[in-house]
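Structural characterization, general
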Amino acid sequence: MIRRATVLFLAALLPLLAGAGQAQAAGYRYWSFWERDGSAWTYATVGPSLSRPADGDVQGFRFSVSEDSGDAAKPRGAAGFDTICAKTPAKDGTKRVALVIDFGTPGDAPSGEKPPAGRTACAQVAEDATTAEALASVAKPLRYDSNALLCAIAGYPAKGCGEQVATDGKDSSPTETAETAETAGSAEDDGGSGPSVGLIAGAAVVVVLGAAAVWQVRRRA
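Just so you know, these numbers come straight off a predicted model, no measurement behind them.

With that settled, the discussion passes to the nonpolar core. Nonpolar side chains tend to gather and get buried jointly when the protein is soluble and globular. In terms of nonpolar packing, the biggest core is built from 19 residues, with Trp31, Phe61, Leu99, Ile101, Leu135 and Ile153 touching the most fellow members. With 3 residues, the single largest contributor to this core is strand E4 (residues 94-102). The contacts of isoleucine 153, once residues within four sequence positions are left out, are Trp31, Phe61, Ile101, Phe103, Leu135, Ala139, Pro141 and Leu142. In terms of nonpolar packing, the next biggest core, distinct from the first, is built from 12 residues, Tyr28, Tyr30, Ile84 and Val100 among them.

And the structure:
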């Protein structure tokens, strides 16, 4: 009797654990922020409102669907500072920041929207200006949510902000945002110390089904 209950327990457990794993495959549609060192892009460690680039820096933004910072698509284009800021002479009391803005692909676009062509811009701003201020000087309108998450550059996209997207490209759970993706990326950067959603869900299922199996065995004994 106990063996039969165990088999039933495992049979019920497997599909639920599989479903928990599949839930992790969802991505988030958002603007990622990058810094360039030579020809290599690296994911920025702080947001554009906290970053204070130096004169001659190259920074980029890419709109795409990704699971977290480790999966995010990088800005496209090889133009460097000398090319982007060639027509913007240095000026006392200011700095020049080269910006690469990649609006992504049609496959990453929200339903009914078409990504604009990518662009570069040389922002000439005050010496203590942040990246957000540099971006605002060349790519208005910007849109942020209540948590200061960058939602739109140059008005794109017209709506939405870091919404969760299912693997088939359709919007999934609008209550989950790209901040969840950033948290997941931070956990990976720390060596994966944080438990995954699938693991937590799986543990909960084990507890519930395990209790049910024990109850069945005791009831039939």
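And the narrative resumes.
A few words on a negative patch on the surface. Together, Asp92, Glu127, Asp128 and Glu133 make up a negatively charged patch on the protein surface. Tracing the backbone shows aspartate 92 in the loop between helix H2 (81-84) and E4. By relative accessible area, aspartate 92 is classed as exposed at 78%.

Moving on, we get to the pattern of salt bridges. On inspection of all chains with the given rule, the structure shows 4 salt bridges. Put simply, arginine 96 and aspartate 55 hold a salt bridge, and the shortest N to O gap is 3.8 Å. Of this pair, arginine 96 sits in strand E4 while aspartate 55 sits in the loop between strand E2 (40-43) and strand E3 (58-66); the two residues are 41 residues apart in sequence, bridging distant segments of the chain. The class for aspartate 55 is partly exposed, based on a relative accessible area of 44%. The closest approach of N and O atoms between arginine 62 and aspartate 102, which form a salt bridge, is 3.6 Å. Remark: aspartate 102 occurs in strand E4 and arginine 62 occurs in strand E3; sequence separation between them is 40 residues. Its relative accessible area of 7% is what places arginine 62 among the buried residues.

Rules and cut-offs
- Residues numbered from 1 in each chain as written.
- Predicted model: local features only at pLDDT ≥ 70, side-chain atom pairs only at ≥ 80, totals over all residues.
- Heavy atoms only, no water.
- Core = buried A, V, L, I, M, F, W, Y, C linked by side-chain atoms within 4.5 Å.
- Buried < 20%, exposed > 50% of the residue type's maximum accessible area, 1.4 Å probe, protein only.
- Helix = DSSP H or I, 4+ residues; strand = E, 2+ residues; numbered from the N terminus.
- Contact = heavy atoms within 4.5 Å.
- Patch = residues over 30% accessible without salt bridge, like charges linked within 9 Å, V, L, I, M, F, W, Y side chains within 5 Å.
- Areas by Shrake-Rupley, 256 points an atom, 1.4 Å probe, with all protein chains shown as cover.
- Salt bridge = Lys/Arg side-chain N within 4 Å of Asp/Glu carboxyl O.
- Lys, Arg positive; Asp, Glu negative; His and termini not counted.
- Charge placed at Lys NZ, Arg CZ, Asp CG, Glu CD.

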